[in-house]
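# Architecture at a glance
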Amino acid sequence: PNLQNIPTRTDLGRRVRTAFVAGKGKKLISADYSQFELRLAAAMSGDQKMIDLFNSGTDIHTATAAQIQGRELEDITKQMRSAAKTVNFGVLYGMSPHGLSAATGMSFEQSKHFIDEYFKVRGPLLAYLNGLKEFAREEGYVETLHGRRRPMPDIKSSNFMVRQGAERAAMNMPIQGTEADLMKIAMINVEKELEAHHPEAKMLLQIHDSILVEAPEADA
């Protein structure tokens, strides 16, 4: 079953999730990378301010909101943090002011201002994302950190919508693709560890940046 699409935010979703249980005498263990995509975006774009935020253990969404709003961390409301979180992830998918407006309830003008201010704060990230589009136009492909390529013929399409879709993919694939590559490497390493030290434990499922392992309670 496609477990990643069973929402945990609704009562029904939570009830459906209770159907998935560990075998007798076993436990389910979920392990994931913390804010994997944003950390990769920071590293791959060389955005030092973003890297420093992660290394200092500061909440990236609160810090982003504070930088955009020109306020102290303690003055950031839940709503401000939520908007910053939406933009933090949204820009990796080429989010437009219209998209941000729909996601947060802000007006189009507020959303445009928010994104403009975001890119003033995250200059290196913006330059990196724009560079990916330029690279795709010139070379006809984009690639992950490990050299896995995706051809991008549509980046030169005369159809505006098709071209825009290709531009979003060009910005997104190197980061998400690297995430997928690293996840496969992690799974191979975890499998070796389990075989060596916990042969009874089994990897059941991978969802984006997390893996689900079933292990005897004594090993959990």
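Coordinates for the structure precede this section.
Described below are features of the structure shown in this document. Keep in mind the model is a prediction, meaning the values are calculated, not measured.

## A few points about a nonpolar patch on the surface
Nonpolar side chains collect at one region of the surface, where Leu12, Val16 and Phe20 lie side by side and expose about 260 Å² of accessible area between them. Residue placement: Leu12 occurs in helix α1 (residues 11–17).

## Focus: helix α7 (residues 108–121)
Helix length check: α7, at 14 residues, gives a terminal C-alpha distance of 20 Å against a target of 20 Å (1.5 Å per residue), a fit within 8%. Listed as buried for α7 are Ser111, Phe114, Ile115, Glu117, Tyr118, Phe119 and Val121. Looking at the buried positions of α7, the neighbouring elements they touch are α4 (60–69), α5 (78–90), α6 (97–104) and α8 (123–139).

## Notes on the pattern of salt bridges
Going through the model one piece at a time under the given rule, you end up with eight salt bridges. Residues Asp59 and Arg81 are paired through a salt bridge, measuring 3.0 Å at the closest nitrogen-oxygen approach. Of this pair, Asp59 sits in the loop between α3 (48–56) and α4 while Arg81 sits in helix α5; the two residues are 22 residues apart in sequence, bridging distant segments of the chain. Given the relative accessible area of 29%, Asp59 is considered partly exposed. Among the salt bridges present, the one from Glu134 reaches Arg137, with a minimum N-O distance of 3.2 Å. Here Glu134 pairs with Arg137, and both are found in helix α8, just three residues apart, close to one helical turn. A single salt-bridge network, built from bridges that share partners, covers Glu134, Arg137 and Glu167.

## With respect to the packing of helix α2 (residues 36–45) against helix α9 (residues 160–197)
The geometry of α2 relative to α9 is characterised by a closest axis approach of 10 Å and an angle of 115° between their N-to-C directions. The two elements α2 and α9 cross, and the hand of that crossing is right-handed. Residues Phe36, Glu37, Leu40, Ala41 and Met44 of α2 pack against Asn172, Pro174, Ile175, Gln176, Thr178, Glu179 and Leu182 of α9.

## Brief notes about the side chain of His61
Among the structural elements, His61 can be located in helix α4. Relative accessible area serves as the criterion here: at 1%, His61 is assigned to the buried category. Residue contacts for His61: discarding those within four places in its chain leaves Gln35, Leu38, Arg81, Ala84, Lys85, Asn88 and Phe89.

Reading guide: rules and limits
- Residues numbered from 1 in each chain as written.
- Predicted model: local features only at pLDDT ≥ 70, side-chain atom pairs only at ≥ 80, totals over all residues.
- Heavy atoms only, no water.
- Patch = residues over 30% accessible without salt bridge, like charges linked within 9 Å, V, L, I, M, F, W, Y side chains within 5 Å.
- Areas by Shrake-Rupley, 256 points an atom, 1.4 Å probe, with all protein chains shown as cover.
- Salt bridge = Lys/Arg side-chain N within 4 Å of Asp/Glu carboxyl O.
- Helix = DSSP H or I, 4+ residues; strand = E, 2+ residues; numbered from the N terminus.
- Expected span 1.5 Å × (residues − 1).
- Buried < 20%, exposed > 50% of the residue type's maximum accessible area, 1.4 Å probe, protein only.
- Contact = heavy atoms within 4.5 Å.
- Axes fitted to C-alpha atoms, helices over the stretch in contact; angles between N-to-C directions.
- Left-handed = near helix turned anticlockwise from the far one by under 90°.

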